[in-house]
Amino acid sequence: MSTVALITGAASGIGAAVARRLARGGARCVIVDVDAEGAERVAKELDGVWLAADVSAEESSLEAVALAERAYGRLDLVHLNAGISGGVDFAHFDVERYRKVVGVNVDGVVFGVRAAVPLLTRSGGGAIVVTASLAGLVGFDGDPVYTMTKHAVVGLVRALAGPLARQDVRIGAVCPGFTDTPLVADSKEVFVDAGFPLLSAEEVAAAVESAFYSEVPGSLLVVQPGRQPVPYRYAG
Ligand code: NAD
């Protein structure tokens with residue numbers, strides 16, 4: 001029986017790399033993205049199924065899980081990865097943008113977990129990995145709202161690890177540094193000019209795969225260029 005994986009934000013960057021990696025290992029993939037064309041392209045490449053949907057709406061997560069069940073009859077791995085950068089300037093606060101960033105980066109994860117857990121449990125247990133960020137562990141003053149959303153999902157993962165383990169679902173997060181994807185296209189030149197190495201989406205995908213199989217509930221895996229991913233530990 002093949003592993004069934006559902007990946008949000010899988011039309012591009014880290015999500016697409018995770019879907020490709022899991023499919024290479026034999027998984028059947030459910031590709032979810034607000035970018036309909038991109039979702040269809042990746043799903044066709046991997047012989048998977050796709051849903052064009054905005055994860056900030058609760059129905060999207062419910063539909064995505066229903067699609068997994070209809071297409072493959074089960075669900076084993078869920079990568080809650082869709083995310084957008086903030087770009088909310090506190091001096092010229094744009095409330096609409098603020099709500100959008102919170103909607104995708106936080107609501108999308110909350111709804112994704114809620115929708116996925118019952119089918120993961122009915123499938124005999126499974127794992128959820130959230131793409132947080134280093135900005136979920138340390139303050140990133142260049143983008144405070146993004147930093148807030150990533151801290152929020154790290155808190156959710158920590159708080160849910162125990163209760164979900166009792167439903168045979170492991171939950172963890174990866175916390176990557178800057179990764180070479182369209183999300184950081186605008187700032188990439190600055191990093192390259194400063195000789196600052198970026199992660200590749202494939203390096204982060206490898207960390208996501210290992211996080212799926214981590215025995216430690218609530219594990220936060222820090223991913224940085226040129227180093228092995230390491231679990232984050234409190235200093236105090
Ligand atoms: P990306 O822009 O390449 O991919 C993000 C994908 O999410 C896109 O395909 C986009 O269409 C999709 N998406 C956006 N809004 C959506 C919505 N409302 N509903 C469904 N899909 C939506 O960027 P990426 O770097 O691969 O980002 C993936 C995740 O990694 C994000 O959560 C991001 O915050 C996180 N992250 C990125 C970096 C980085 O430096 N690139 C670092 C740490 C964490």
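Model, not experiment: these values are computed from the prediction.

Asks: So what's going on with the pairing of strand S7 (residues 220-223)? Residues and values would help.
Replies: Burial along S7 is two-sided: the residues Leu-220 and Val-222 and Leu-221 and Val-223 are all buried. Where S7 lies against strand S8 (residues 230-231), two bridges are found, and the strand directions are antiparallel. Residue Val-222 lies in a different strand from S8, and its bridge partner there is Val-230. Counting the residues in the hairpin turn of S7 and S8 gives six residues, including Gly-226, whose phi is positive at 70 degrees.

Asks: Can you break down helix H3 (residues 58-72) residue by residue, with the values?
Replies: For H3, built from 15 residues, the straight-helix expectation of 21 Å at 1.5 Å per residue is met to within 8% by its first-to-last C-alpha distance of 22 Å. Of the surrounding secondary structure, the elements contacted by the buried residues of H3 are strand S1 (4-8), strand S2 (28-33), strand S3 (49-52) and helix H4 (95-122). Where H3 terminates, the next one or two residues include Gly-73, which has phi positive at roughly 80 degrees.

Asks: For helix H2 (residues 36-45), give the residues involved together with the corresponding values.
Replies: Side chains that are three or four residues apart share a direction in an α-helix, a result of its 3.6 residues per turn. Buried within H2 we find Ala-39, Val-42 and Ala-43. Seen along its axis, H2 keeps its buried residues to an arc of 100 degrees; they face one direction. In H2, those exposed residues whose orientation departs by more than 90 degrees from the buried face are Glu-37 and Lys-44. Elements in contact with the buried residues of H2: helix H1 (13-24), S2 and S3. A positive phi of about 55 degrees marks Asp-47, the residue just after H2.

Asks: I'd like to hear about unusual backbone geometry, residue by residue, with values.
Replies: In this model, Asp-47 sits at a positive phi of 55 degrees, which is unusual for a non-glycine residue. Looking at where Asp-47 falls in the secondary structure, it is placed in the loop between H2 and S3. Look at Asp-47 and you get exposed, because 9 C-beta atoms sit within 10 Å. Backbone geometry at Asp-168 places phi at a positive 65 degrees, although glycine is not the residue there. Summarising the element assignment, Asp-168 is placed in the loop between helix H5 (144-165) and strand S6 (169-176). A tally of 15 C-beta atoms within 10 Å means that Asp-168 is categorised as partly exposed.

Asks: How would you explain the site of the ligand if you had to name every residue and give the values?
Replies: Taken together, 28 residues lie near the ligand, and Gly-9, Gly-13, Gly-83, Thr-181 and Leu-183 sit nearest. In terms of residues, the shell around the ligand owes the most to one element, H1, which gives three residues. Along the lines of polarity and charge, the residues of the shell around the ligand split into twelve nonpolar, 13 polar and three charged.

Asks: Pulling in residues and values, what's your account of the nonpolar core?
Replies: Residues Leu-6, Ala-19, Ile-31, Val-32, Ala-116 and Val-174 are the most contacted members of the largest nonpolar core, which totals 78 residues. When residues in this core are grouped by element, the largest group, ten residues, is from H4. If near-sequence neighbours (up to four positions away) are discounted, Val-32 is found in contact with Leu-6, Ile-7, Thr-8, Ala-10, Ala-39, Leu-51, Ala-53, Val-55 and Ala-64.

Asks: Can you tell me about the sheet that holds S2, naming the residues and giving the values?
Replies: With mixed pairing, eight strands are arranged side by side in an open sheet as S3-S2-S1-S4-S5-S6-S7-S8. Each edge of the open sheet is held by one strand with a lone partner, namely S3 and S8. Pairing analysis gives three bridges linking S1 to strand S4 (residues 77-80), with the strands arranged parallel. When the bridges of S4 are listed, Ala-5 appears paired with Leu-77. In the packing of H1 onto the sheet, the strands contacted are S1, S2, S4 and strand S5 (126-131), and the crossing angle to S1 comes to about 170 degrees. In this fold helix H7 (residues 201-212) packs onto S4, S5, S6 and S7, with an angle of close to 155 degrees to the strand it touches most, S6.

Asks: Help me get a handle on the packing of H4 against H5, residues and values and all.
Replies: Orientation of H4 relative to H5, taken along the N-to-C sense of each, is 15 degrees, at an axis distance of 9 Å. Considering the angle they form, H4 stands roughly parallel to H5. Along this stretch, H4 crosses H5, giving a crossing that reads as right-handed. Residues Tyr-98, Val-101, Val-102, Asn-105, Val-106, Val-109, Val-110, Val-113 and Val-117 of H4 lie in contact with H5, whose contacting residues are Val-145, Tyr-146, Thr-149, Lys-150, Ala-152, Val-153, Leu-156, Leu-160 and Leu-164. Its residues placed into classes, the contact of H4 with H5 shows 15 nonpolar, two polar and one charged.

Conventions we followed
- Counting of residues starts from 1 at the beginning of each chain's written sequence and follows it residue by residue.
- The predicted origin of the model limits local features to residues at a pLDDT of at least 70 and limits the giving and counting of side-chain atom pairs to 80 or more, whereas totals for whole chains, interfaces and linings rest on all residues.
- Using C-beta atoms placed from the backbone, we call a residue buried if 20 or more other C-beta atoms fall within 10 Å of its own, exposed if 12 or fewer do, and partly exposed for counts in between.
- By definition, any uninterrupted DSSP run of H or I lasting at least four residues is a helix, any uninterrupted run of E lasting at least two residues is a strand, and each is numbered from the N terminus.
- Note on pairing: two strands pair once DSSP finds at least 2 bridges between them.
- In a helix, the anticipated span is given by 1.5 Å times the number of residues less one.
- Two residues qualify as a contact pair if the distance between their C-beta atoms, derived from the backbone, is within 7 Å.
- Within this analysis, the arc is defined by the directions that extend from the helix axis to the C-beta atoms.
- Near residues are defined by distance alone, with the backbone-placed C-beta atom required to lie within 6 Å of the molecule or strand.
- When residues are grouped by polarity, Ala, Val, Leu, Ile, Met, Phe, Trp, Tyr, Cys and Pro land in nonpolar, Asp, Glu, Lys and Arg in charged, and all others, Gly among them, in polar.
- We call a set of buried Ala, Val, Leu, Ile, Met, Phe, Trp, Tyr and Cys residues a nonpolar core when their C-beta atoms link them within 7 Å.
- Only the stretch in contact is used when fitting a helix axis, every axis being a line fitted to C-alpha atoms; angles between N-to-C directions are given from 0 to 180 degrees.
- If an angle is under 35 degrees, it is roughly parallel; if it is over 145, roughly antiparallel; if it lies from 65 to 115, roughly perpendicular; otherwise it is oblique.
- We call a crossing left-handed when the near helix sits turned anticlockwise from the far one by less than a right angle, and right-handed when that turn is clockwise.

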